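Structure assessment
These are the residues of each chain, in order.
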Amino acid sequence: MSYESTRRTVLLGTGATGAAALVAACGGGGGNGSVSTDSPTGEGASSGPAGRVLATIDEIPVGGGRIFKDEEIVVTQPEQGRFKAFSAICTHQRCAVGSVSDGTINCPCHGSRFEIADGAVAQGPATRPLPAERITVEGNSIRLA
């Protein structure tokens, strides 16, 4: 038996392959696939160059945080001496978060707010927490891990 490729079978095969690739790329879930660990120096998986100094501990206010736009990371200090890091990309529609105030990380696009202690949703429309990022605190420096 002989099979001949027709324009229709080639187009159908290409379309199915493309659709499968699109579904795999978009995926379900909401995180970056990293495993977070709870430690006083940070969490999750880093998106920037390892070991690079982001800030000094004095630059991150207690009860607040600072956004590092180039690295797409927000570093917070929920309690004195306890630093956390999260993705600075909102889980609702991938806008960059715009501020940290009153104990939350705030997205300017649709009003989502996330807790500075664990990245949990404090106010929607986002339904998933901010993914944790990994940092280390060495002396006075906060570094990407």
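So, a few notes on the structure that sits alongside this text. Along each chain, numbering runs from 1 in the same order as the chain's sequence is written. Selection of residues for local features in this predicted model requires a pLDDT of at least 70, selection of side-chain atom pairs for listing and counting requires 80 or more, and totals for whole chains, interfaces and linings are taken over all residues. To obtain the side-chain values, all non-hydrogen atoms of the structure were used and water was disregarded.

The way it works is that DSSP assigns letters per residue, a run of H or I at least four long becomes a helix, a run of E at least two long becomes a strand, and they are numbered from the N terminus. A count of helices and strands for the chain gives one helix and 10 strands. Note on classification: 1.4 Å probe, protein chains only; a residue is buried when its accessible area is under 20% of the maximum for its type, exposed when over 50%, partly exposed between these limits. Expressed as a percentage of its 145 residues, the buried residues of the chain come to 32%. Contacts between residues were defined by any pair of non-hydrogen atoms, one from each residue, lying within 4.5 Å. When contacts within the chain are restricted to residue pairs at least 6 apart in sequence, those whose partners lie at least 24 apart make up 48%. Note on areas: Shrake-Rupley, 1.4 Å probe, and residue coverage restricted to the protein chains presented here. Counting every atom, the chain has about 8,400 Å² of accessible surface; 52% of that belongs to carbon and sulfur.

On to the sheet that holds strand S1 (residues 53–56), then. Read across the sheet, three strands follow the order S1-S10-S9 without closing on themselves; strand pairing throughout is antiparallel. Edge positions in the sheet fall to S1 and strand S9 (135–138), since each of these pairs with one other strand and no more. Neighbour-to-neighbour, the strand axes of this sheet turn through a mean angle of 25°, independent of strand direction. Paired strands are those between which DSSP finds at least two bridges. Bridge analysis of S9 against strand S10 (residues 141–144) gives four bridges, and the strand direction is antiparallel. Pairing of Glu-138 across the sheet is with Ser-141, part of S10. The convention used is that axes are lines fitted to C-alpha atoms, helices contributing only their stretch in contact, and that angles between N-to-C directions extend from 0 to 180 degrees.

Glancing now at the pattern of salt bridges. Salt bridges are defined by distance alone: a side-chain nitrogen of Lys or Arg within 4 Å of a carboxyl oxygen of Asp or Glu. What the rule picks out here adds up to four salt bridges. A salt bridge links Arg-52 to Glu-71, with the nearest nitrogen and oxygen atoms 2.3 Å apart. Pair noted here: Arg-52 is in the loop between helix H1 (7–26) and S1 and Glu-71 is in the loop between strand S2 (64–68) and strand S3 (73–79), with a separation of 19 residues, a long-range link. Classification of Arg-52 by relative accessible area gives partly exposed; the value is 36%. A salt bridge links Glu-59 to Arg-66; the nearest nitrogen and oxygen atoms lie 3.6 Å apart. Relative accessible area serves as the criterion here: at 39%, Glu-59 is assigned to the partly exposed category. Accessibility expressed as a relative area gives 32% for Arg-66, which makes it partly exposed.

Joining through side-chain atoms within 4.5 Å is the link that ties buried Ala, Val, Leu, Ile, Met, Phe, Trp, Tyr and Cys residues into a set, and such a set is a nonpolar core. Counting 14 residues, the largest nonpolar core has Ile-67, Val-74, Val-100, Ile-105 and Phe-114 as its most contacted members. Sequence-distant contacts of Val-74, defined by excluding residues within four places in its chain, comprise Arg-66, Ile-67, Lys-84, Ala-85, Phe-86, Ser-87, Ala-88, Val-100 and Ile-105. One finds Ala-55, Phe-68, Ala-85 and Ile-142 within the second-largest nonpolar core, a separate group that totals 11 residues.

Attention now goes to the sheet that holds strand S4 (residues 82–87). Through backbone hydrogen bonds, the strands of a sheet pair up, either in parallel or in antiparallel fashion. Pairing is antiparallel across the open sheet formed by three strands, whose spatial order is S2-S3-S4. Taken across any chain shown, the strands that pair with only one partner, and hence form the sheet edges, are S2 and S4. Taking the axes of each pair of neighbouring strands and ignoring which way they run, one obtains an average angle of 20° across the sheet. As paired elements, S3 and S4 share five bridges and run antiparallel to each other. Opposite Thr-76, over in S4, you have Lys-84 as the bridge partner.

Moving on, we come to unusual backbone geometry. For Glu-72, which is not glycine, the phi torsion reads 55° and is therefore positive. Mapped onto the elements, Glu-72 comes out in the loop between S2 and S3. Classification of Glu-72 by relative accessible area gives partly exposed; the value is 42%. One non-glycine residue, Asp-102, lies in the positive phi region at around 50°. Within the secondary structure, Asp-102 is located in the loop between strand S5 (99–101) and strand S6 (104–106).

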